[in-house]
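Descriptive structure summary
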Amino acid sequence: MADRLKGKRALVTGAGQGIGRAIALAFAAEGASVVAASRSAMKMADLPDISPAIKPLGLDVTDKAEITRAVAMEGPFDILVNCAGWVHSGSILDCSDADWNRSIQQNATSCFLTMRAVLPEMIERRSGAIVNVASVASSVTGVTGRAAYGASKAAVIGLTKAVARDVIATGVRVNALCPGTTESPSLRDRIDATADPEETRRAFIARQPMGRLGTVEEMAAAAVYLASDETAFMTGQLLVVDGGQTL
């Protein structure tokens, strides 16, 4: 199905690589006009060549002033996708104060700031869809070595449900996408940083009963579904796409 997002204007954060980049491309393919945001603007330099419907924007999603300016200049938005994030690897005993604070800021506070910025115009128009990219490593399930990450993504889920309830009568929907282990540049970097990358990759794959990693395109397809009118009767929900990891 094509043009499911035709005429919509979307802000996608974390669009420099991985799932965020795939979502920006999928939204553009479905007819949306996309502002693709990332702190690393150079990673998005080729996006307008791939799709003229995509406009790259350098943006620090932990900076309230930057977000306010971006929404004022580029909005209003019909769709917001919060995909910017950071993964800390390690247990609570391996997690420094700085690691904890960065996890909360980049994964949860960023969603708080961007939602607060776009919601007034969405509420005024009585229409809008917000998709927060959380994770199965959250309140969905505990994952070894993901204390700070899991806590921050659980916060994203709690925030998603609370905001969905707050705006439920306004025509604005807020849902969360919870990916399982997904092949991405971030995952590859974390695998390569281990003592035995081959064994680490096998362990990541073994998490999924389907016997493989998810793809960024699969996660992007799920985000399109949540942002489209096909889910007009759905809010405050989690869409888990994890190859059976949490069955």
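Now for a description of the structure that goes with this document. (Residues numbered from 1 in each chain as written. Predicted model: local features only at pLDDT ≥ 70, side-chain atom pairs only at ≥ 80, totals over all residues. Heavy atoms only, no water.)

1. A short note on the overall build of the protein
The helix and strand inventory of the protein stands at 8 helices and 7 strands. Relative to its length of 247 residues, the protein is compact, with a C-alpha radius of gyration of 17 Å against a globular reference of 18 Å. Over its C-alpha atoms, taken along the principal directions, the protein stretches across nearly 50 × 35 × 35 Å. Here the protein has roughly 11,300 Å² of accessible surface; of this, 56% comes from carbon and sulfur atoms. (Helix = DSSP H or I, 4+ residues; strand = E, 2+ residues; numbered from the N terminus. Rg over C-alpha atoms; globule rule 2.2 N^0.38 Å. Areas by Shrake-Rupley, 256 points an atom, 1.4 Å probe, with all protein chains shown as cover.)

2. Concerning unusual backbone geometry
With omega at 0°, the peptide bond leading from Gly75 into Pro76 counts as cis. Along the chain, the position of Pro76 falls in the loop between helix 3 (64-74) and strand 4 (79-82). If you check the backbone angles, Arg126 has positive phi at about 60° while not being a glycine. Among the structural elements, Arg126 can be located in the loop between helix 4 (97-125) and strand 5 (128-133).

3. Here's the deal with the nonpolar core
With 32 residues, the main nonpolar core has Ile23, Phe27, Val34 and Val81 as its most contacted residues. Broken down by element, this core gets its largest block of residues, 8 residues, from helix 8 (residues 216-227). The residues contacting Val81, other than those within four sequence positions of it, are Leu11, Val12, Thr13, Ile23, Phe27, Val131 and Val133. Counting residues in each nonpolar core, the second largest holds 30 residues, with Leu57, Val71, Val118 and Leu119 among its members. (Core = buried A, V, L, I, M, F, W, Y, C linked by side-chain atoms within 4.5 Å. Buried < 20%, exposed > 50% of the residue type's maximum accessible area, 1.4 Å probe, protein only. Contact = heavy atoms within 4.5 Å.)

4. So, the pattern of salt bridges
Under the criterion given, the structure shown has 11 salt bridges. Between Asp60 and Arg39 there is a salt bridge whose closest N-O contact spans 2.9 Å. Here Arg39 lies in the loop between strand 2 (33-38) and helix 2 (47-50) and Asp60 lies in the loop between strand 3 (54-58) and helix 3, a separation of 21 residues in the sequence. The exposure class of Asp60 is buried, given its relative accessible area of 18%. The salt bridge involving Arg202 is made with Glu199; its shortest N-O contact spans 3.0 Å. Of this pair, Arg202 and Glu199 are both found in helix 7 (residues 197-206), 3 residues apart, which corresponds to roughly one turn of the helix. Each member of the salt-bridge network shares a partner with another, and the members are Arg4, Glu30 and Glu230. (Salt bridge = Lys/Arg side-chain N within 4 Å of Asp/Glu carboxyl O.)

5. Some points on the packing of helix 1 (residues 18-29) against helix 8
Taken N-terminus to C-terminus, the directions of helix 1 and helix 8 make an angle of 55°; their axes are 8 Å apart at the nearest point. Here helix 1 lies oblique to helix 8, going by the angle between them. As helix 1 packs across helix 8, the resulting crossing turns out to be right-handed. On the side of helix 1, the interface is formed by Gly18, Ile19, Ala22, Ile23, Ala26 and Phe27, while helix 8 contributes Val216, Glu217, Met219, Ala220, Ala223, Val224 and Ala227. (Axes fitted to C-alpha atoms, helices over the stretch in contact; angles between N-to-C directions. Parallel < 35°, antiparallel > 145°, perpendicular 65-115°, else oblique. Left-handed = near helix turned anticlockwise from the far one by under 90°.)

6. Description of helix 5 (residues 147-166)
With 20 residues, helix 5 should cover 28 Å at 1.5 Å per step; its first-to-last C-alpha distance of 29 Å lies within 8% of that length. Turning to helix 5, its buried residues are Ala148, Tyr149, Gly150, Ser152, Lys153, Val156, Ile157, Thr160, Val163 and Ala164. At its buried positions, helix 5 is contacted by helix 4, strand 5, strand 6 (172-179) and strand 7 (238-241). (Expected span 1.5 Å × (residues − 1).)

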